[in-house]
Amino acid sequence: MTNWQEVKSSVVSWGKVGDSVEGTLIDVVVREVRDDQKGLVRKNVYEIKADGGEYHEIDSQKNPVEPPIKCEPENSYLVWGGKDIIDGGMKKIRIGQKVRIVFAEQGEPKKKGYSGFKMIKIFTSGVMDQEWLDGREINAGDM
């Protein structure tokens, strides 16, 4: 008998200043999502093969939930773009390159009941993950 285990996608939620994920950028996909104010919009989703990091999920009142979720090495984590601060920094990162994404600070909310602006910073050492690049299969979509 096979023991099946659910496979969940791990979406990084920036619940608390200091949350981060670091590793190798392995994919970028564009998703169409409905925005309450803008209608249907396209957002980039960045997939990171983790070397480390941790993040906090948030509850219904947008408060961080303890304990943080550890980014397990070799597991993949998704980071949603759609904000200039993330997409602008990620434009400079190539597939296979090492990256660190950090929730650096949070501003005061403009409206009561909303969270403040989240300052997400993108870092790179410029190092390529040659082991991952050498081991990946080339798909038609990668050409």
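No experiment lies behind these values; they were computed from the predicted model shown.

## A look at unusual backbone geometry
Going from Glu66 to Pro67, the amide bond is cis rather than trans, its omega being -5 degrees. Within the chain, Glu74 stands out as a residue other than glycine whose phi angle is a positive 80 degrees. Here Glu74 lies in the loop between strand S4 (69–70) and strand S5 (76–80).

## Considering the side chain of His56
Inspection of the secondary structure assignment puts His56 in the loop between strand S3 (39–55) and S4. Classification of His56 by relative accessible area gives buried; the value is 5%. At a separation of 3.2 Å, a polar atom in the side chain of His56 contacts the side chain of Glu66. The contacts of His56, once residues within four sequence positions are left out, are Ser13, Trp14, Gly15, Lys16, Asp19, Pro64, Val65, Glu66 and Pro68.

## Side note on the packing of aromatic side chains
A full pass over the atoms with the stated rule returns one aromatic pair. Judged by centre distance (6.3 Å) and plane angle (75 degrees), the rings of Tyr55 and Tyr77 are edge-to-face. A residue pair is termed long-range when its members are at least 10 positions apart, and Tyr55 in strand S3 and Tyr77 in strand S5 qualify at 22 residues. Side by side, Tyr55 and Tyr77 carry an identical accessibility label, which is buried.

## Some words on the nonpolar core
In this structure, Trp14, Val21, Val79, Met90 and Ile101 are the most contacted members of the largest nonpolar core, which totals 18 residues. When residues of this core are assigned to their parent elements, the largest contribution, four residues, is made by S3. For Ile101, the residues in contact, after removing those within four places along its chain, are Trp14, Asp19, Ser20, Val21, Ile48, Val79, Met90, Ile120, Lys121 and Ile122.

Here is what the cut-offs are and how they apply
- Residues numbered from 1 in each chain as written.
- Predicted model: local features only at pLDDT ≥ 70, side-chain atom pairs only at ≥ 80, totals over all residues.
- Heavy atoms only, no water.
- Helix = DSSP H or I, 4+ residues; strand = E, 2+ residues; numbered from the N terminus.
- Buried < 20%, exposed > 50% of the residue type's maximum accessible area, 1.4 Å probe, protein only.
- Polar contact = N/O pair within 3.5 Å; in protein donor to acceptor, adjacent residues only side chain to side chain.
- Contact = heavy atoms within 4.5 Å.
- Phe/Tyr/Trp six-rings, centres within 6.5 Å; stacked < 30°, edge-to-face > 60°.
- Core = buried A, V, L, I, M, F, W, Y, C linked by side-chain atoms within 4.5 Å.

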